[in-house]
Amino acid sequence: MRTIKANEVFQTPVPEIGVTLDSTPATLYYSADGETWTAWSENITDNNVVISGIPGGLFLKLNVACKITEKW
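To keep things clear, this report deals only with the structure shown in the data block. What you see is a predicted model, and the numbers here were worked out from it, not measured in a lab.

Inspection of the secondary structure assignment puts lysine 61 in strand β6 (residues 59-62). When sequence neighbours within four positions are dropped, the list of residues in contact with lysine 61 reads Asn7, Glu8, Val9, Phe10, Thr27, Leu28, Tyr29 and Trp37.

So, about the pairing of strand β2 (residues 16-21). Along a regular strand, successive side chains alternate from one face of the sheet to the other. Where β2 and strand β5 (residues 48-52) come together, 5 bridges link them in antiparallel fashion. From the neighbouring strand, valine 19 faces β5, where its bridge partner is valine 49. Of the strand pairs in this sheet, β2 and strand β7 (residues 66-70) are connected by 5 bridges, and their pairing is antiparallel. Bridge pairing in β7 places glycine 18 opposite threonine 69.

What follows is about the environment of alanine 39. Locating alanine 39 in the fold gives a position in strand β4 (residues 38-39). Ignoring any residue separated from it by four or fewer positions in sequence, one finds alanine 39 in contact with Thr27, Leu28, Tyr29 and Tyr30.

Cut-offs used in this document
- Residue numbers run consecutively from 1 along every chain, following the written order of its sequence.
- Whole-chain, interface and lining totals are the exception, using all residues; otherwise, since this is a predicted model, local features are given only for residues with pLDDT of at least 70 and side-chain atom pairs are given and counted only at 80 or more.
- Computation of side-chain values covers all heavy atoms of the structure but excludes hydrogens and water.
- For helices the rule is a DSSP run of H or I covering at least 4 residues; for strands it is a run of E covering at least 2, with both sets numbered from the N terminus onward.
- A contact between two residues is defined here by any heavy atoms of the two lying within 4.5 Å.
- Whether two strands pair comes down to DSSP finding at least two bridges between them.

Structure below.
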């Protein structure tokens, strides 16, 4: 489990992660290069979610602090 600060950029080597948010709603941002960011089309409104289908090397960040559990 990793603690991620709000707007902290991270990558994961696995295609699926569990996310426990400190607060909601939250916005997920993704980037191929770590510089140009796109907001996911829907806000996250549950405190515990699974994000799946993450391509390898994709940069992610959330606008709220959270804990990440990588699903091996």
